[in-house]
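Residue-level structure breakdown
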Amino acid sequence: MIDGIEWRVSGRLVDYAEALAFMEQRAAAIRLGTEPECIWLLEHPPLFTAGTSADPAELFNPQAFPVFEAGRGGRYTYHGPGQRVGYVMLDLEKRGKDIRCFVHALEGWMIDTLAELGVEAHRAPGRIGIWVGEGPGEKKIGALGVRVKRWVTLHGFALNVAPDLSHFGGIVPCGIAEYGVTSLADLGKQIPMKGVDAALERSFPVYLKALELKCKES
């Protein structure tokens, strides 16, 4: 537990349907006050998820990976081994009813974590996600997609640690065709998943503080 929030880390590949079922159950329990808020770090087997704005023309899927309706915002996203997925189940009723602030703070958590790992990352105006590099060489290293149900958050982020980047060729990632996708390994950072998790945990208190200060004031 971190500040009363359950911190879960799965050492196996978690089936996507299992993850969706857990999030729905936990979000309902958080709303009822019967279970604590939760951060769940995991990896999925190779798959694509379709957000509520997904365009079928952006799904090519030559390797026939399973495709799941996610229920979150956004378009198509890839998940697979070597990618750290973080599902964030927090109660915005007590942390500030501001979804934009929540997303901004989530982006900041990813950026701070990458900084801990020696990678300078940034937001890009008009483009969802977390980016590295500049100009024509700018690439996406992290994705976000969230859903809020009765002021409890579901879904969260995906950080590319060392996935098979060729798998992203099955979609137009998040509907952005002009820019490529990268990972920590692609940038020469050979960091084990446990090292990424440790950096996420170190940056987590700053993320919570951003929610408490900015969201409650807005």
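Structure: see above.
Model, not experiment: these values are computed from the prediction.

To continue, consider the pattern of salt bridges. The final tally for this structure, using the stated rule, is 16 salt bridges. The salt bridge involving aspartate 91 is made with arginine 31; its shortest N-O contact spans 3.1 Å. Of this pair, aspartate 91 sits in the loop between β6 (83-89) and α2 (92-95) while arginine 31 sits in helix α1 (residues 16-32), and the two are 60 residues apart along the sequence. Exposure class is identical for aspartate 91 and arginine 31. Each is buried. Here arginine 31 makes a salt bridge to glutamate 93, at a shortest N to O gap of 3.0 Å.

Right, let's get into the packing of aromatic side chains. Applying the stated criterion across every chain, the model contains 14 aromatic pairs. Ring geometry for tryptophan 109 and tyrosine 207: centres 4.9 Å apart, planes at 10 degrees, overall stacked. On the criterion of sequence distance, the pair formed by tryptophan 109 in helix α3 (residues 99-116) and tyrosine 207 in helix α4 (residues 193-217) is long-range, its members being 98 residues apart. For tryptophan 109, a relative accessible area of 1% translates into the label buried. Among the residues examined, tyrosine 207 registers a relative accessible area of 2% and is labelled buried. Among the aromatic residues, those joined into a ring-pair cluster are Trp7, Trp109, Phe157, Phe204 and Tyr207. Positioned above the aromatic ring of tryptophan 40 is the side chain of arginine 8, whose terminal nitrogen or guanidinium carbon lies 4.9 Å from the ring centre. Here the guanidinium or amino end of arginine 127 rests over the ring plane of tyrosine 179, the centre of that ring lying 4.0 Å away.

Rules and cut-offs
- Residues numbered from 1 in each chain as written.
- Predicted model: local features only at pLDDT ≥ 70, side-chain atom pairs only at ≥ 80, totals over all residues.
- Heavy atoms only, no water.
- Salt bridge = Lys/Arg side-chain N within 4 Å of Asp/Glu carboxyl O.
- Helix = DSSP H or I, 4+ residues; strand = E, 2+ residues; numbered from the N terminus.
- Buried < 20%, exposed > 50% of the residue type's maximum accessible area, 1.4 Å probe, protein only.
- Phe/Tyr/Trp six-rings, centres within 6.5 Å; stacked < 30°, edge-to-face > 60°.
- Lys NZ or Arg CZ within 6 Å of the ring centre and 35° of its normal.

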